[in-house]
Amino acid sequence: RATSNHKVKETVALELSYVNSNLQLLKEELEELNSSVDVYQNESESISVPMIPLGLKETKELDLLVPLKNFISDHYGEEGVLFEKEIKEFMELRQAMRTPSRNEAGLELLMEYYNQLYFFDNRFFPPTKSLGVFFHWYDSLTGVPSHQRSLAFEKGSVLFNIGALHTQIGARQDRASLPGLNQAIDAFQKAAGAFNYLKENFSNAPSLDMSAASLNMLVRLMVAQVQECVFEKMTFLCAQHDFLARLQLAQEAARVEDVYSLVHQTMTQAHVKDYVPFSWTTMVHVKSEHFKALSHYFAAIALCDCPAASDAELPEQEKAFIQFHVTMPEGPSLRVLLQDPEERRKLGKAHLKKAIMKHEEAMRIHGLCKILRKMDILQEVLSFAHKRSLSKYSEIDHEEDFFETGDAPDIHPKTHQKPEIKSPNFSQVKVTDLFHRLGPLSVFSAKNKWYPTRRIHLMRGENGFGFTLRGDSPVLIAGVIPGGCAAEAGLKEGDYIISVNGKDCKWSKHAEVVQLLKSTGKEGVEIGVITLQGSEGPRAADKKTTAMSSGGGLLKSNKENSRKSLMNSKGASTLLVWSKKSKRSKKSTYGVPFTAVGDNEAM
């Protein structure tokens, strides 16, 4: 646009075209790396259909030393330098979480960091102010970077990686054995649970991998992979020449085809189509056709390899066969079909014909994708299944067959083990607040504000100090007797005792504080107290206190405050500080922050 010279315009257009083609090639290479299906497959000698795992989201290193020291100094009134050990420990945990091992230890590490973010959120993220730190994360599939100040983005990304790690663990299992299959089923169910939890509890994702449409697709993909493992499990458990067992296998295969068809539909929707790697979409399509072929193959095996039904077996076989096909096959009655070997062969041949067509379609679709063509094991699986069906067809095909092979009806999908979406169990990994020295979260949190610490010197009077106490960690001044020593010294109802004679009492129990106050001599006692801004003092219902004798000199409550009212409130008891979706003008230049939208993430 900057020139009117036609030759210059042509040169620039040519250069732009060259740059764009290079970018496209790089994008394809990156997509191939990030969505690589064969990287995390198991290394056993057995042949099994590869599963689709997810790569982890990458994140930049984060230096929190200065921002946290400043926040501790400004908000908590403590020396930030005294908390360097805790800050570095948190940063080391985050650094380790970036590269978890592909096993249970890696999952525990991610869960530990995720749970630690609960305390981190409550300590350092006030509702009205930002910590000034950006969290950088890269899209799992495209590598496109995103960054936000919102801690919900950090939490969501870690949760995504928990799901992704489960997919890698599931894909690596040796599915040639029952224990391996059970572990794969468990891993994919947990992956589905993590992605589903993320979809239900977060919104406004800045990266496409965490958008509602992508997460919905991932949940369905994981459920389909569970269903595939269930089919493989049934092939282990079913008796070889049992008619009902073969029918059951055919229905299991039809169920796998059903769920993969749903995944393929989801992957080809407008919001997901251009984002999901072509190799994934093709793989899912291939599996859909492959398992449809297997359902017809096992139907044929049930009819042709298993002996015809005896009179005793007939009622049970009739019952199973009525529900086997989507529409009843044309021809003789069910009783004749099940007891006449020739009729069974005819229907079996029709099923095999359909199986071969579907095998060929699966191989054709597989050939369209360059990445999948490189996967020898997938080619081997498809080729083996195709040859097996052809061999069976030629075995039952008679030269004197003059009837035209009919069109076999589809098989009704049915499963004997429905996939379960297992939500993350956050309580499984116990963590302690790294910054517990700042004081109990019920009072010393980012959302609370308090006036500067007051040092009050008290002398014991004839009737004691003149105040009552309630609760633990920290102990609260429940009442101040008018005209008493405490009232004259400036102590107020609702104050929290944080020190006695220089000893930190933020975490002290009621009895410990009472003992410290009792043990003071004639010189009196110096207590440090704080008052929460906006606090209205304790409620009248809580003022059940009993006075001690004048010899004791202190009034004490006979009931401890089990938990502070703040901890009983919804916000403090949840793992995330949830916020509503922002209503922004369409012209706004600011992105909507990634937020949590549920209120059910209790730890």
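Residues numbered from 1 in each chain as written. Predicted model: local features only at pLDDT ≥ 70, side-chain atom pairs only at ≥ 80, totals over all residues. Heavy atoms only, no water.

Defined as follows: UniProt positions are given in the numbering used here, feature names are shortened, and annotations may be inferred rather than shown by experiment.
An unreviewed UniProt entry annotates the protein chain as RHPN1 protein originating from Chordeiles acutipennis. Listed under Sequence similarities (unreviewed entry) in UniProt, the entry text for the protein chain is "Belongs to the RHPN family."

### Some thoughts on the overall build of the protein chain
Heads up, the rule is: Numbering of helices and strands starts at the N terminus; helices are DSSP runs of H or I of at least 4 residues and strands are runs of E of at least 2. Burial here depends on accessible area, computed with a 1.4 Å probe over protein chains only, as a share of the maximum for the residue type. Under 20% is buried, over 50% is exposed, and the range in between is partly exposed. A 1.4 Å probe and the Shrake-Rupley method give the accessible areas. Residues count as covered only by the protein chains that appear here.
Secondary structure assignment for the protein chain yields 19 helices and twelve strands. Burial statistics for the protein chain: of 603 residues in total, 50% are counted as buried. Counting only carbon and sulfur atoms, one obtains 52% of the accessible surface of the protein chain, whose full area is about 29,700 Å².

### Topic: the pattern of salt bridges
Note the cut-off: For this document, the term salt bridge refers to a Lys or Arg side-chain nitrogen within 4 Å of an Asp or Glu carboxyl oxygen.
One pass over the full model with this rule turns up 24 salt bridges. Notably, a salt bridge pairs lysine 354 with aspartate 410, separated by 3.3 Å at the nearest N-O pair. Taken together, the residues span a long stretch of sequence, with lysine 354 in helix 13 (residues 341-367) and aspartate 410 in the loop between helix 15 (376-396) and strand 4 (454-458) at a distance of 56 residues. A relative accessible area of 15% places lysine 354 in the buried class.

### Observations regarding the environment of lysine 292
Our working definition: We call two residues in contact whenever any of their non-hydrogen atoms come within 4.5 Å of each other.
Topologically, lysine 292 is positioned in helix 10 (residues 278-305). You can call lysine 292 buried: its relative accessible area is 16%. What lysine 292 contacts, discounting residues up to four positions off in sequence, is Glu257, Lys358 and Asp410.

### Digging into the pairing of strand 2 (residues 145-148)
Stated formally: Here, strands pair whenever DSSP counts at least two bridges between them.
Because side chains alternate across strand 2, one face comprises the buried residues Ser146 and Gln148, and the other comprises Pro145 and His147, none of which is buried. Alignment of strand 1 (residues 135-138) against strand 2, held across four bridges, turns out to be antiparallel. Bridge pairing in strand 2 links tryptophan 137 to serine 146. The antiparallel hairpin formed by strand 1 and strand 2 contains six residues in its connecting segment, where glycine 143 sits at a positive phi of about 80 degrees.

### Examining the pairing of strand 9 (residues 525-530)
Most of strand 9 sits out of view: five of its six residues are buried. In this sheet, strand 9 lies alongside strand 4 in antiparallel orientation, the contact comprising five bridges. What sits directly across from isoleucine 456, in strand 9, is isoleucine 527. Bridge count for strand 7 (residues 496-500) against strand 9 is four bridges, and the pairing is antiparallel. Each residue of the ladder has a partner; that of serine 499, found in strand 9, is glycine 528.

### Notes on the packing of aromatic side chains
Condition: By convention, a stacked pair of Phe, Tyr or Trp rings (six-membered ring in the case of Trp) has centres within 6.5 Å and planes under 30 degrees apart, an edge-to-face pair has planes over 60 apart, and any other such pair is tilted.
If you walk through the whole model with that rule in mind, you get 22 aromatic pairs. Summarising the aromatic geometry, the rings of phenylalanine 231 and phenylalanine 298 are spaced 6.1 Å apart at their centres and angled 65 degrees between planes, so their arrangement reads as edge-to-face. Placement of the pair is phenylalanine 231 in helix 7 (residues 212-237) and phenylalanine 298 in helix 10, with a sequence separation of 67 residues. For the residue pair phenylalanine 231 and phenylalanine 298, the accessibility class agrees, reading buried in each case. Between tyrosine 260 and phenylalanine 291, the ring centres sit 6.4 Å apart and the planes meet at 15 degrees, which makes this aromatic pair stacked. On the criterion of sequence distance, the pair formed by tyrosine 260 in helix 8 (residues 243-267) and phenylalanine 291 in helix 10 is long-range, its members being 31 residues apart. Pairwise contacts between aromatic rings join Phe71, Tyr76, Phe90, Tyr113, Phe120, Phe124, Phe125, Phe135, Phe435, Phe444 and Trp450 into one cluster.

### Quick word on the nonpolar core
Note the following rule: Residues enter a nonpolar core if they are buried and are Ala, Val, Leu, Ile, Met, Phe, Trp, Tyr or Cys, with the set joined through side-chain atoms within 4.5 Å. Bear in mind that the domain bounds are from an automatic or database domain assignment.
With 136 residues, the main nonpolar core has Phe120, Phe124, Trp280, Phe321 and Phe435 as its most contacted residues. In terms of residue count, helix 10 provides more of this core than any other element does, 13 residues in total. For this core, the two domains that each supply at least three residues are domain 2 (58-396) and domain 3 (448-533).

### With respect to the environment of threonine 266
Along the polypeptide, threonine 266 turns up in helix 8. Those residues in contact with threonine 266 that sit more than four places away from it in its chain are Asn216, Met217, Arg220 and Val272.

### Some details on the packing of helix 2 (residues 65-76) against helix 3 (residues 84-97)
Operational definition: Interaxial angle, 0 to 180 degrees, is taken between N-to-C directions of lines fitted to C-alpha atoms, where a helix line uses only the stretch in contact. In what follows, roughly perpendicular refers to angles from 65 to 115 degrees, roughly parallel to angles under 35, roughly antiparallel to angles over 145, and oblique to any angle outside these ranges. Handedness of a crossing follows from how the near helix is turned relative to the far one, being left-handed for an anticlockwise turn of less than a right angle and right-handed for a clockwise one. Residue type decides the class: Asp, Glu, Lys and Arg count as charged, Ala, Val, Leu, Ile, Met, Phe, Trp, Tyr, Cys and Pro as nonpolar, and the leftover types, Gly among them, as polar.
Packing of helix 2 against helix 3 leaves a shortest axis separation of 10 Å and a crossing angle of 140 degrees. One element, helix 2, and the other, helix 3, form an angle in the oblique class. Crossing hand, helix 2 versus helix 3: right-handed. Facing helix 2, whose interface residues are Leu65, Leu68, Lys69 and Ile72, helix 3 presents Glu84, Ile87, Lys88 and Met91. Looking at the contact of helix 2 with helix 3, its residues break down into five nonpolar, no polar and three charged.

### A closer look at the environment of glycine 466
Its location among the elements puts glycine 466 in the loop between strand 4 and strand 5 (467-470). The sequence separation of glycine 466 and alanine 487 amounts to 21 residues, and the corresponding C-alpha distance is 7.4 Å. Setting aside residues no more than four positions away along its own chain, glycine 466 makes contact with Gly479, Val480, Ile481 and Ala486.

### Comments concerning a negative patch on the surface
The test is simple: Two joining distances apply to patches: 9 Å for like charges and 5 Å for nonpolar side chains (Val, Leu, Ile, Met, Phe, Trp, Tyr), and every residue must have over 30% relative accessible area and no salt bridge. In this tally Asp and Glu are treated as negative and Lys and Arg as positive; neither His nor the chain ends contributes. The atom standing in for a charge is NZ when the residue is Lys, CZ when it is Arg, CG when it is Asp and CD when it is Glu.
On the surface, Glu89, Glu92, Glu104, Glu108 and Glu112 cluster together into a patch of negative charge. Counting only elements with at least two residues in the negative patch, the list comes to helix 3 and helix 4 (104-124). Per-element tally for the negative patch: the top contributor is helix 4, with three residues. Relative to the helices and strands, glutamate 104 resides in helix 4.

### Some details on helix 8
To be explicit about the condition: Helices are assigned an expected span. That span is 1.5 Å times one less than the residue count.
Taking 1.5 Å of rise per residue, 25 residues should cover 36 Å, and helix 8 covers 36 Å from first to last C-alpha, within 8% of that figure. Across the 25 residues that make up helix 8, a large majority, 20, are buried.

### What about the confidence of the model for the protein chain?
This is how it is decided: Values of pLDDT, which run from 0 to 100, indicate the predictor's confidence residue by residue.
When pLDDT is averaged along the protein chain, the result is 82; 83% of the residues meet or exceed 70. Per-residue pLDDT stays below 50 along residues 537-591; that stretch engages in 112 contacts with residues further than four places along the chain or on separate chains. Below a pLDDT of 50 lies the segment residues 599-603, which in the model reaches 17 contacts outside its immediate sequence neighbourhood of four places, other chains included.

### Comments concerning helix 17 (residues 510-518)
Heads up, the rule is: Starting at the helix axis, one direction is taken to each C-beta atom, and the arc is that of these directions.
Within helix 17 the residues assigned to the buried category are His510, Val513, Val514 and Leu517. Projected down its long axis, helix 17 shows its buried positions confined to an angular sector of 100 degrees, all on one face.

### Topic: the side chain of histidine 351
Definition in use: Whenever a nitrogen or oxygen atom comes within 3.5 Å of another N or O atom, the pair is scored as a polar contact, on the condition that within protein one atom can donate a hydrogen and the other can accept it, and that pairs from neighbouring residues in sequence are kept only if both atoms are in side chains.
Structurally, histidine 351 can be placed in helix 13. Polar side-chain contacts of histidine 351 include one of 2.9 Å to the side chain of histidine 296. If near-sequence neighbours (up to four positions away) are discounted, histidine 351 is found in contact with His296, Ala299, Ala300, Leu303, His325, Ala408, Pro409 and Ile411.

### What about unusual backbone geometry?
Following serine 473, the chain continues to proline 474 via a peptide bond in cis, the omega torsion being -5 degrees. Examined against the element boundaries, proline 474 turns out to sit in the loop between strand 5 and strand 6 (475-480). The residue asparagine 204 is not glycine, and still its phi comes out positive at about 55 degrees. Of note, asparagine 204 is situated in the loop between strand 3 (202-203) and helix 7. You will see that serine 473, though not glycine, has its phi angle at about 40 degrees, which is positive.

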